[in-house]
Amino acid sequence: MSRTRSSLLERIRNLEDGPSWEEFDRLYRPLLLRYALDRGLHRDEADEIAQQCMAAIAGGIQGFQRRVSLRGWLRGMVDHKVDDQLRRRRHEAPARTADFQTEQAREDNPAQLWERQWNRTHLLYCLNLVRDEISPLTYEAFERHVIREQPVGEITERLGMTANQVYVAKHRVIERLKKRWTELAEGLI
């Protein structure tokens, strides 16, 4: 990663920096969306919450201070908006107890939901960075072995690799992934 996440935060302070805003949006909109869905919102509500959060970020980035973590700032923002939407929904249709029970089940531990989505979002981001840095064959061997959990014998047959090459591909990708994860974490924490 040529630029740290801190520099991305610095770059989006310039509201005219379209490429930086696109990168920020690609990274964080899915996080906000998935978290809102996990908390029990419908897809259209979650889309609206993600949009409201991105607008609030644009409006508040100038005042964002690093003494508060980006993770905490985003979570506080999305929690507030999700909670408001869930309250509105309960107020508008109090007789819908089945929906309320579903919401309660999804709301049980927002902190765990947030951490799971935060980590997933950043892992996927790092995987995309790594995928762009290595050969397609190396990444495919890794993906089949680690993510899809395919047997090594099946991978060697399918990709024309030796078992050792599959294990080396796995190791290379994991090492690059660790490096990218550390770089990302250093810029965010």
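Shown above is the structure to which this text applies.
1. Points about the packing of helix H3 (residues 43-60) against helix H4 (residues 70-92)
Running from amino to carboxyl end, H3 crosses H4 at an angle of 140°, the nearest separation of the two axes being 10 Å. Taken together, the axes of H3 and H4 lie oblique to each other. Like other packed secondary-structure pairs, H3 and H4 cross with a definite hand, here right-handed. Every residue of H4 that contacts H3 at Glu-45, Ile-49, Gln-52, Cys-53, Ala-56, Ile-57 and Gly-60 is listed here: Trp-73, Leu-74, Met-77, Val-78, Lys-81, Val-82, Gln-85 and Arg-89. Considering only residue class, the contact of H3 with H4 consists of 9 nonpolar, 3 polar and 3 charged.

2. Comments concerning the packing of aromatic side chains
Within the structure shown, the criterion is met by 7 aromatic pairs. Seen in terms of ring centroids, Tyr-28 and Trp-118 are 6.0 Å apart; in terms of plane orientation they differ by 35°. Their pairing is tilted. Of the two residues, Tyr-28 sits in helix H2 (residues 18-38) while Trp-118 sits in helix H6 (residues 110-133), which places them 90 residues apart along the sequence. Across the pair, Trp-118 and Tyr-28 agree in class, each one buried. When the centroid spacing of 5.9 Å and the interplanar angle of 35° are considered together, the rings of Trp-114 and Trp-118 count as tilted. Of this pair, Trp-114 and Trp-118 both sit in helix H6, separated by 4 residues, roughly a single helical turn. Just as Trp-114 is buried, Trp-118 falls in that class too.

3. Focus on the pattern of salt bridges
Summed over the entire model, instances satisfying the criterion amount to 17 salt bridges. Each of the salt bridges in this network shares a partner with another, and the network as a whole consists of Arg-39, Arg-75, Asp-79 and Asp-83.

What counts and what doesn't
- Residues numbered from 1 in each chain as written.
- Predicted model: local features only at pLDDT ≥ 70, side-chain atom pairs only at ≥ 80, totals over all residues.
- Heavy atoms only, no water.
- Axes fitted to C-alpha atoms, helices over the stretch in contact; angles between N-to-C directions.
- Helix = DSSP H or I, 4+ residues; strand = E, 2+ residues; numbered from the N terminus.
- Parallel < 35°, antiparallel > 145°, perpendicular 65-115°, else oblique.
- Left-handed = near helix turned anticlockwise from the far one by under 90°.
- Contact = heavy atoms within 4.5 Å.
- Nonpolar A, V, L, I, M, F, W, Y, C, P; charged D, E, K, R; others polar.
- Phe/Tyr/Trp six-rings, centres within 6.5 Å; stacked < 30°, edge-to-face > 60°.
- Buried < 20%, exposed > 50% of the residue type's maximum accessible area, 1.4 Å probe, protein only.
- Salt bridge = Lys/Arg side-chain N within 4 Å of Asp/Glu carboxyl O.

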